[in-house]
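# Report on the structure
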Amino acid sequence: MRATPQRVGRRIGERVAAATVALALGTLAGCSGGSGASHDAVIVWHGYTDTEAKAINELGQEWNKAHPSQKVNVTFGGSNDDVLKKTLASFVSGKAPGISYEYGSSITTLAKRSQTQDLTSLVKSAPSFHWEDFFVAVQQAATTPDGKIYGVPALVDNLSLVYNKKLFDAAGLSYPTADWTWTDFQNAARKLTNASKHQYGWAYVNDGSEDTVWRFLAMLWQAGGELLSPGNKKSALDSPAGLAAMQLLRDMAVTDHSVYLDTGDGQYQNLFNSGRIGMLWTGPWDLSVINKDISYGAQILPAKVTHATIAGPDNFMLFNKADRKTAWAFLQWLDSAEVHLRFSIATGDLPLRESETKLPGYQEFLKRYPANQVFVDNLAKNVTKSRPNIPEYSKISQVIGSAVQSVLLGKAQPQAALDQARDQIDQILAGA
């Protein structure tokens, strides 16, 4: 999914949708799908809708026409928000797909299951796959801490600063630059805020979910901090960098009142469109929902020490139901620079490989989606770290989400919130 309201949850990868998928797993395993493949084809689940669904189905049809003895059945498997739950259920029913689009955060759960295929040897023994050509964040999201590769990259994104030019002009402010610091950002948010108009300089999703956490992690890294110690044994959150990040949030939300605290319902999108929010830290998925009459720009995130940002990559994963030879051949083709760039041009999804940016078609991609240049530049320069692919991460995220939420709401002081989060994370990592 991309460029839809549900994509916000998909991008960060841990929010579970409330809706129940209407299609039964058995029906999914046997349906013909958009690729026109036969019943014995490799089943490929995806959660794409609209433009992306059309593009992936057309690629499935193209593959099948060229490879009549290695067919795939590209089919909608339901919302990506439910895919981990559905995949685990399919293991029990014996009706697992051969390939499934999975959130990057799901790799630690699925890697422990016997049905999931370890792809390390395939990736390493296929020099034509050019694993090192993928952006660093993409590689990290597919790899477990012990160095095993369980995913074939499917999507990558990251956070940048998106701003309303009209509001900047009205406030007499220069547009954000690549040299902006936290101070520049905070001062601009303050000047863009107008309480009488219910207008805010910035928006922050403050529902305590991973949507809350990943923005904070970007700030932590911008200040030169780390989430965990080397080897992921202890919390490293309680540091000068962690304190600086928490203090900035409190200063902007509680002292300056320059931050709209979104409850997780995506209202910030409507407020940005109505000219009541000046700046967002968001990704390419939000660009398509910005009204056409809104003049906006995109810039890298501001820096304390660095301009670090965070990515939320996803993967295609193979299960033992698949014809391994066909599944691997299809994914190699789908992830080749030339084919994936065609998908990016059709959908606006970011390139997965550095080599895609060197192909002639990349200029067509930028012409169609000019604001995406900043997000692609981030992948090469400012996405250097990722969330840890460890089983404990989901619990750690809950702890951080609660800490950040309490600070933004003025219910806890930054240091106290960090102290409590540190102790809880250490207990989680110790198995307590």
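In case you missed it, the structure is sitting above this.
These notes cover the structure that comes with them. (Residues numbered from 1 in each chain as written. Predicted model: local features only at pLDDT ≥ 70, side-chain atom pairs only at ≥ 80, totals over all residues. Heavy atoms only, no water.)

### Regarding the sheet that holds strand 9 (residues 296–299)
Strand order across the open sheet formed by five strands is 7-6-8-5-9, with mixed pairing between neighbours. Edge positions in the sheet fall to strand 7 (259–262) and strand 9, since each has one partner strand and no second. Within this sheet the neighbouring strands show an average axis-to-axis angle of 25°, counted without direction. Bridge analysis of strand 6 (residues 200–205) against strand 7 gives four bridges, and the strand direction is parallel. Bridge pairing in strand 7 places Trp202 opposite Val259. Contacts from helix 16 (residues 372–381) reach strand 5 (160–164), strand 8 (277–282) and strand 9, with the element oriented near 160° to strand 5. (Pairing = 2+ DSSP bridges. Helix = DSSP H or I, 4+ residues; strand = E, 2+ residues; numbered from the N terminus. Axes fitted to C-alpha atoms, helices over the stretch in contact; angles between N-to-C directions. Contact = heavy atoms within 4.5 Å.)

### With respect to the sheet that holds strand 1 (residues 42–46)
Read across the sheet, five strands follow the order 2-1-3-10-4 without closing on themselves; strand pairing throughout is mixed. Looking at which strands have only one partner, the edges of the open sheet turn out to be strand 2 (72–76) and strand 4 (152–155). Strand-to-strand, the axes of this sheet are offset by a mean angle of 30°, without reference to chain direction. As defined by bridge partners, strand 1 adjoins strand 2 across five bridges and the pair is classed as parallel.

### As for the environment of Tyr200
Along the chain, Tyr200 turns up in strand 6. Tyr200 gets classed as partly exposed once you look at its relative accessible area, which sits at 23%. A C-alpha to C-alpha distance of 9.3 Å links Tyr200 and Gly275, two positions 75 residues apart in sequence. Every residue in contact with Tyr200, bar those within four places of it in the chain, is listed here: Leu192, Thr193, His257, Ser258, Val259, Tyr260, Arg276, Ile277 and Gly278. (Buried < 20%, exposed > 50% of the residue type's maximum accessible area, 1.4 Å probe, protein only.)

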